[in-house]
Amino acid sequence: MFTVFMLMGLLIAALGLFGLASHTAERRAREIGIRKILGASSSSITLRLGWEFARWVLAANLIAWPVAWLIMRRWLDDFAFRTPLALIVFLGASAAALAVALAAVSWQSLTAARSDPVNALRCE
């Protein structure tokens, strides 16, 4: 049951990131069009949009690590047999969060990067 709710929460978070990426790409359509006209490749535009979201995920992890470590340390102190908190657990959680964020953002950023710049600039 916990796995189902965890997967549902992960799906809702990914959908929220996808919506945010869609909104960002739509808001920055003119900028993306100008960059494409000036010679930017689709991969550089995708990396630029992906880094915008990755930066926030990394900042959230830097805030969450000490808080999670303190809470887990207090909780584990109540047990007679405890396991040490390993750094690999925190690194794995950060890598998973970053992978989910980039997977949710990559499709929308690729679509925005491959769009015709004339359509974005014609609307202005």
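Rules and cut-offs
- Residues numbered from 1 in each chain as written.
- Predicted model: local features only at pLDDT ≥ 70, side-chain atom pairs only at ≥ 80, totals over all residues.
- Heavy atoms only, no water.
- Helix = DSSP H or I, 4+ residues; strand = E, 2+ residues; numbered from the N terminus.
- Buried < 20%, exposed > 50% of the residue type's maximum accessible area, 1.4 Å probe, protein only.
- Phe/Tyr/Trp six-rings, centres within 6.5 Å; stacked < 30°, edge-to-face > 60°.
- Expected span 1.5 Å × (residues − 1).
- Contact = heavy atoms within 4.5 Å.
- Patch = residues over 30% accessible without salt bridge, like charges linked within 9 Å, V, L, I, M, F, W, Y side chains within 5 Å.
- Areas by Shrake-Rupley, 256 points an atom, 1.4 Å probe, with all protein chains shown as cover.
- Salt bridge = Lys/Arg side-chain N within 4 Å of Asp/Glu carboxyl O.
- Core = buried A, V, L, I, M, F, W, Y, C linked by side-chain atoms within 4.5 Å.
- pLDDT = per-residue confidence, 0-100.
- Axes fitted to C-alpha atoms, helices over the stretch in contact; angles between N-to-C directions.
- Left-handed = near helix turned anticlockwise from the far one by under 90°.
- Nonpolar A, V, L, I, M, F, W, Y, C, P; charged D, E, K, R; others polar.

**Notes on the overall build of the protein**
And step 1. Of the regular secondary structure elements, the protein holds five helices and zero strands.
And step 2. Starting at the N terminus and ending at the C terminus, the protein contains elements arranged as α-α-α-α-α.
And step 3. Across its three principal axes, the protein shows a C-alpha extent of roughly 70 × 30 × 20 Å.
And step 4. Looking at the protein residue by residue over its 124 residues, the buried ones come to 22%.

**Brief notes about the packing of aromatic side chains**
And step 1. Summed over all chains, the structure comprises two aromatic pairs.
And step 2. For the pair Trp65 and Phe90, a centre-to-centre distance of 6.1 Å together with 55° between the ring planes defines the contact as tilted. Placement of Trp65 in helix H3 (residues 42-77) and of Phe90 in helix H4 (residues 87-114) is noted, with a sequence separation of 25 residues between them.
And step 3. For Phe90, a relative accessible area of 14% corresponds to the buried category.
And step 4. Each ring, one from Trp75 and one from Phe79, has its centre 5.2 Å from the other, and the planes form 90°; the classification is edge-to-face.
And step 5. Assessed through its relative accessible area of 39%, Phe79 is described here as partly exposed.

**Here we look at helix H1 (residues 2-27)**
And step 1. Across its 26 residues, H1 extends 37 Å between first and last C-alpha, which sits within 8% of the 38 Å expected from 1.5 Å per residue.
And step 2. Listed in full, the buried residues belonging to H1 are Ala21, Thr24 and Ala25.
And step 3. Tucked inside the fold, the buried residues of H1 contact helix H2 (29-37), H3 and H4.

**Structural notes on a nonpolar patch on the surface**
And step 1. A cluster of nonpolar side chains, namely Met1, Val4, Phe5 and Met8, defines an oily patch on the protein surface of about 470 Å² accessible area.
And step 2. Mapped onto the elements of the fold, Met8 is located in helix H1.

**Concerning the nonpolar core**
And step 1. One finds Ala25, Ile32, Ile45, Leu49, Ala112 and Ala113 forming the largest nonpolar core, which totals six residues.
And step 2. Setting aside anything within four residues of it in sequence, one finds Ala25 in contact with Ile32, Gln108 and Ala112.

**Topic: the pattern of salt bridges**
And step 1. Counting across every chain of the model gives three salt bridges.
And step 2. In this structure, Glu52 and Arg28 form a salt bridge, with 2.2 Å as the shortest nitrogen-oxygen distance. On the criterion of sequence distance, the pair formed by Glu52 in helix H3 and Arg28 in the loop between H1 and H2 is long-range, its members being 24 residues apart.
And step 3. Note that Arg35 is salt-bridged to Glu31, the shortest N-O span being 3.1 Å. On the criterion of helical spacing, the pair formed by Arg35 and Glu31 is a turn pair, its members being four residues apart in helix H2.

**Here's the deal with the confidence of the model for the protein**
And step 1. On average, the protein scores 86 in pLDDT, and the residues at 70 or more come to 98%.
And step 2. Looking across the protein, the model is least confident in helix H5 (residues 117-122), with a mean pLDDT of 76, and most confident in H3, with 90.

**A look at the packing of H2 against H3**
And step 1. Between H2 and H3, the least distance of the axes is 10 Å, while the angle of their chain directions is 145°. Of the two possible hands of crossing, H2 and H3 adopt the one that is right-handed. Taken together, the residues of H3 that come into contact with H2 (itself represented by Glu31, Ile32, Arg35 and Lys36) are Ser42, Ile45, Arg48 and Leu49.
And step 2. Residues that form the contact of H2 with H3 fall into these classes: three nonpolar, one polar and four charged.

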